[in-house]
Structures are given as C-alpha cells and as structure tokens.
Amino acid sequence: MSQDHESLENLLQEDRFFLPSPEFAAQANAQPDEYAHANMDRLAFWEEQASALTWEKKWDAVLEWQAPYAQWFIGGKLNASVNALDRHVAEGRGSRVAFHFEGEPGDTQTITYAQLLTEVKKTANALIEIGIKAGDRVAIYMPMIPEAAIAMLACARIGAPHSVVFGGFSADALLSRIQDADAKLVITSDGGFRKGTAFALKPAVDEALKGQHNVEKVLVVARTKQDVAWTDRDIWWHEIVARQSAEHIAESFDAEHPLFILYTSGTTAKPKGIFHTTGGYLTQVAYTHKVVFDLKPETDVYWCTADVGWITGHSYVVYGPLINGATQVMYEGTPDTPHKGRIFEIVAKYGVTILYTAPTLIRTWMKWGDEFPLAHNLESLRLLGTVGEPINPEAWMWYREIIGGNRCPIVDTWWQTETGAIMISPLPGITATKPGSAMRPIPGISAKVVDDNATPVADGHGGYLILDQPWPAMLRGVWGEDERYKETYWSRFNGIYFAGDGAKLDNEGAIWLLGRVDDVMNVSGHRISTTEVESALVSHEAVAEAAVVGAADAMTGQGIVAFVILRSGIAHASGDELNTQLRNHVAKEIGAIAKPRQILIVNELPKTRSGKIMRRLLRDVAEDRVVGDATTLADPNIMKKIAEGLKTAKDED
Ligand code: WTA
C-alpha cells in the first residue's frame, strides 16, 4: 500500500478555475449559505431535506448510528412511487411530461406524470396478480425503455425490492444475481435496439433459468416484436398489464424498508449485492438532484444518459428526477446510431437544458471531432455534469467549450453504488470549478483524504478517500453477506467508510479523484473486478492461470489486460483464434463490457515468495513503463521475460 500511497502524492498542477456567471449564481437553487447552514446542525439539515418528501408518518428519530450500521428517519413511513408520481398528479402536475422517450430506430413516446402513474399502478396490480408481495425480490433485465422505469416504480410501490441487472450482462451473470437475491420474478423484454439492429434479451433469461433458482414467472415486454421462445412461466407484459385496474392505493413502508439491491464488482469474483433502503436514500437523491443539477422542474429538460442497469440510472433517472418532478429525455440506443451526432440531435430536438454523462463518452466525442456537436444547436444547455470516473482536464475543457459553449457550469460528481447519491461535487451557482476536480463534499456530507493511519493529509497531499460520518443514502449492507460488508468497507480504517479510491487535496483543499486503489478496474465508467475476469478466464479449459490488470486507456479510462498461462497437455486453439475464444468466453461469463482489450500468453506470472501476484508490475508492462521494483519477486527474472513476450506480441500485431 505504501508504494501506492506515494504515487498518489504525485500530481499535476492545474491553475485554471471557472466561476459561475452572476446570472447563474443569482438564480441557483443552492446559495452560498447552504454549506454553513448544513454545518450548523448536520442532522437537522437532513431532516429539513427529508421534509421535502411526502411521508405518511413522520419519523421519531433522525439517525441511529452504530458503526457500521445506520438507520435514518426511524419510524417514518412513506412510499417511493407515491413520492415520484402520485403527489405530482395530486398537486396538479399530471400533465407535465415525465419522459420524452426516444427509441434508437427513431420511434418516440411522450409520457406525462399522469400517464406514468397510471402505468405504474396497472403494473403494480399485475405484480400482485402474479403473486409478488412486499419483501419479495424482483430481477429486472431490460433495455433502456420506459417499461424499465415503470417496472422499478411498480416494485417500489408494492414494497418488493428490485434488483436491476444491466442488459449487457450475460446469462451466467444474470443467473448468479438471481440466485444471490433469490428473486421470485424476472422482468425482461424480447430485446431492444442497439447499433441499428434488434438484439435479444429473452434468450439470456431462458438460458439463465436453466440453473438453480426460485423464479416463478417471467414478465416479458414486447419491444422489438422479434420471435421468442415461450414457456408456461412466461407472461406478456402487454397482456397482463392491459387488463389491470388503473387504481392502486399504495401502502407506505418503513423508512428502512429495502428499496433495491444493485450488484457491483468487488475485489473478489463474486459481485456484491449493495442494498439500499427507502427514506434516507430518497431524501439524498432528491436533495442532490435539486442542488447539484439546479433543477427548475417547470422549465428544465434534464437528460442523464446512464442506463437503469447502473446506480446512476437508479438515482438520477428514476428516483431523484421523478421525485423532483423533472421532465427528462430517455434514449434507448448508442451515441453513434445512426450517426455520431445522435446525442446532440436529441439535445436540440427536446431543448435539453441539463446534460449528465460519463467522461468516456466525452472523450469519445472528442475523438470523433467537433463537427458533430457543432452541427447542432446546443444553446438550450445551461448545466453539464459528469460521473463515473476521473475526468481529465482536457476532456473537461472540451466539454465546457464545445458542448457548453463556455456558458454552462460543469458539475463533476463523485459517488458510488454504495453511497447511493452524490457525495462530492461543485454546487453550480457557488463553486469556482477546476477542470478535473470534483471539488468538495456537498452540504451535509463529510469526506476526507487520509494517510495509512487515517490521519487527514494536509493540502497539497494525496491519500485515501474516506467518509467519516454516516449519510442518508448510504448502503445498508451487502445482501446476505454481513461479514463482507464489514470487511470490505469498514475494516481498512476501523469504523470509517473506505471508498476504495485514492484522492489528492490541492493547495486550496479541492479534492482530485485518482482512481481505485484496490483491484477494481474502471472501464468506461463501469466497475469490473480483476478477480472476476481472472476467474472467468480460468474457467476456460485452455487456461491454467490468469492475472488481470487495468491499464490506462485514452478512451475508456482503463482497459483490461490479461496475462494468461495455458494448460499443458490438452489440445486447444492457438494465436488469434485462442485470443478470440478467450475474449468471447469472458463475454459469456460476465458480459461484453468485461472482454479484455489485450490477452498475453505468458509462461509464468510475477509472484511474491508468498505466492501473491504482483499486479503493479504487470501494470507497468501493460502501460509500457519501466518495470518497478521487482526485488520481492520469487523469480526476479520473470518480468524481463514477460516484457520481452509483450514486445514480440506487439511486433506481430
Ligand atoms: C469512480 C458510479 C472520479 C470511483 C456513480 C468510484 C469517479 C466508482 C467519479 C464508483 C468522479 C465515480 N471522479 N471517479 N466524478 N464518479 N467514480 O459504483 O472510482 O459504478 O469508486 O458508481 O467510480 O462506481 P459506481
């Protein structure tokens, strides 16, 4: 660790900063006294934010904290779907557009709050007919279509925690998540549209359900109308939902009732089921969505490009924006279909005012060229956001100039599946932003950068990012794995939440995120564990051993590089064919997002005398650096051999 710690100290100097315009500052939802107000009494501040929600019963106590277990708004009762929908309709906002849906082929739907509420009520009634009760888990495996949000809200409405599995994950990955959460129902679709064609999802569900599980029914949305195999277990969404009553009186649930489980990669092969509860989570997603994105629900058109399969889609497509009554854009497809200006065309079409996306997409746009954004009128934009990985200052500047016309504040928001909501971010009417920095914790949140001994570092120094006070949207645990919860997050620094990220404070105390310090990679803003990819590779018959590292990648942040030792004595493919086989095998085990960028066949791996693979050295090789200190290796010559192997492989490319 200390080696990593030193490298964290080694940082760039960035002197540019950008103040919000006086006009933006004057109208901003969060004014400069927001921080002092929150600091005066943190718990009273969060109570105030919670009061913005509709509660059937007010809480008796704001927080009970017995590290690492938090309960927020104890005794309070509310319903997530009522907060997202019913109250807007009841208060006369039913005709406001909730979603402008844009399908990849160009089909569109305009869905008002009143219509969305009706659909959610009918779907909730359908779930009840199927036999789903409060507390039952429902797996959702869908493309980015309105029914994905409807399914989540219908589950929330009846108190059935949803577990959304990203549609790009494989059947195996889906099965393991179904098993872990012991889901009773799967909601899916025949498929979706991506890159100009219809892809299939239902076959992956059928494949997954060949394994052990307690799934009783599969609810299927007809999105593409492609042919699907059908069993007794399957129900068409349009058939069962259409015949339901449009009335459904929602029951309120305890503030600590589980709202959802979302799996994320950890440092072992098995993903962790991060689970969130209701009252605290909704409080913080709604508050952050209001102040970080400065939402003006009557006039803004907000677009978060995240898929509902990730936490950003949960917090900033479904729950936060709908609670705040936002009008949103939802887009099904890829940014380059049918042309590389698709996102900009949609911004212009709907007059998007707030755009929230990932650095990897911004870098991709930069590579494609300025002509695509410049061909569209982006003047409606007034605020830009990023999330998911550190944004390099060049990409930040490009985003500001080319997309934001030098007029839009940028909010670089740091948070995690585990934190549930934004934790570190500029406030757009207040903060003088620096290109590449997430700046400082939002009001009501405490984050610090500390050294190996949990002592806060001075300005100008690097260390580990920790959260030293409980926060309303924090994870309540790892589903069914309490020891793992304690071990993963609370043991590195006793009783303090360790996020797994390295960070630096600059000379003015602004926070610069430096990426993960554990064995988790960040590829295009998606978390993938090195161990998960290693175990996928080792499950291929040709592979004896594998070591995986995340190597710096100009486009995706990190790229997956695998070092593989082959099994001897069995016949297997070689060269390019083997390479393709192994990459496809990883896609089958996990999903296409986990396919290694590069696979290197080696004879040995660098290991310490105690047998631990030294990934740091492999990273040096993968990133073309001089290999660092290798003196603790059992065989000091090994790195030379691997580096030579890599050179030969590159020459052959
Ligand atoms: C990284 C996504 C730098 C970080 C919401 C974190 C970031 C992980 C930023 C969580 C940011 C997220 N700057 N790094 N603004 N936002 N990260 O769970 O390493 O998919 O630990 O949540 O993404 O990824 P997750």
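Residues numbered from 1 in each chain as written. Predicted model: local features only at pLDDT ≥ 70, side-chain atom pairs only at ≥ 80, totals over all residues. Heavy atoms only, no water.

Draft legend 1. Quick peek at the overall build of the protein. Within the protein, the secondary structure is distributed over 21 helices and 30 strands. On C-alpha atoms alone, the protein measures out to a radius of gyration of 24 Å, which is about the 26 Å that the 2.2 N^0.38 rule sets for 653 residues. In terms of its C-alpha atoms, the protein occupies a principal-axis envelope of roughly 75 × 60 × 55 Å. Counting only residues that meet the buried cut, the protein has 61% of its 653 residues in that class. If you take every contact in the protein between residues at least 6 apart in sequence, the share linking residues at least 24 apart comes to 71%. Accessible area for the protein stands at about 24,600 Å²; split by element, carbon and sulfur atoms hold 50% of it. Here the protein contributes 62 positively and 84 negatively charged side chains, and the mean placements of these two sets differ by 2 Å. (Helix = DSSP H or I, 4+ residues; strand = E, 2+ residues; numbered from the N terminus. Rg over C-alpha atoms; globule rule 2.2 N^0.38 Å. Buried < 20%, exposed > 50% of the residue type's maximum accessible area, 1.4 Å probe, protein only. Contact = heavy atoms within 4.5 Å. Areas by Shrake-Rupley, 256 points an atom, 1.4 Å probe, with all protein chains shown as cover. Lys, Arg positive; Asp, Glu negative; His and termini not counted. Charge placed at Lys NZ, Arg CZ, Asp CG, Glu CD.)

Draft legend 2. Highlighting the site of the ligand. Of all residues adjacent to the ligand, which total 17 residues, the nearest are Asp412, Thr413, Thr417, Asp501 and Arg527. Here an oxygen atom of the ligand and a side-chain polar atom of glutamine 416 are 2.9 Å apart. Coverage of the ligand by the protein chains reaches 97% of its 530 Å² of free accessible surface. Looking at the shell around the ligand, the elements that each hand over two or more residues are helix 12 (311-323), strand 20 (410-413) and strand 25 (511-516). A breakdown of the residues in the shell around the ligand according to their chemical character gives 6 nonpolar, 6 polar and 5 charged. (Near = heavy atom within 4 Å. Polar contact = N/O pair within 3.5 Å; in protein donor to acceptor, adjacent residues only side chain to side chain. Nonpolar A, V, L, I, M, F, W, Y, C, P; charged D, E, K, R; others polar.)

Draft legend 3. Spotlight on the sheet that holds strand 12 (residues 234-236). Overall, mixed pairing links the 8 strands, which are arranged 12-11-8-6-7-14-15-23 in an open sheet. Two strands bound the open sheet, and with one partner strand each, they are strand 12 and strand 23 (477-478). Examined bridge by bridge, strand 14 (residues 258-264) and strand 15 (residues 272-277) share 6 bridges and lie antiparallel to one another. Across the sheet, the residue bridging to phenylalanine 260 is histidine 276, located in strand 15. Lying on the sheet, helix 7 (residues 146-157) is in contact with strand 6 (138-141), strand 7 (162-164), strand 8 (185-189), strand 11 (217-221) and strand 14; it crosses strand 6 at an angle near 170°. (Pairing = 2+ DSSP bridges. Axes fitted to C-alpha atoms, helices over the stretch in contact; angles between N-to-C directions.)

Draft legend 4. Summary view of empty space enclosed by the protein. Evaluation of the coordinates by the stated rule reveals 1 cavity of 30 Å³ or more. A volume near 70 Å³ is recorded for the largest cavity. What lines the largest cavity is a set of 13 residues, among which Ala156, Gly159, His257, Leu259 and Thr278 lie closest to the centre. If you list the elements that add at least two residues to the lining of the largest cavity, you get helix 7 and strand 14. Here the lining of the largest cavity is built from residues that sort into 9 nonpolar, 4 polar and no charged. (1 Å grid on protein atoms, 1.4 Å probe; cavity = no way out; pocket = protein on both sides within 12 Å on 5 of 7 lines; lining within 4 Å. Points joined across faces, edges and corners; volume = space filled by probe spheres on them.)

Draft legend 5. A look at the sheet that holds strand 20. Strands sit in the order 5-4-17-16-18-19-20 across an open sheet of 7 strands; the sheet is mixed. Of all the strands in the sheet, the pair left with one neighbour each is strand 5 (108-112) and strand 20. Put simply, the sheet's adjacent strands are angled 15° from each other on average, direction ignored. Judged from the 4 bridges that link them, strand 19 (residues 383-387) and strand 20 form a sheet pairing that is parallel. Bridged to leucine 384 within strand 20 is isoleucine 410.

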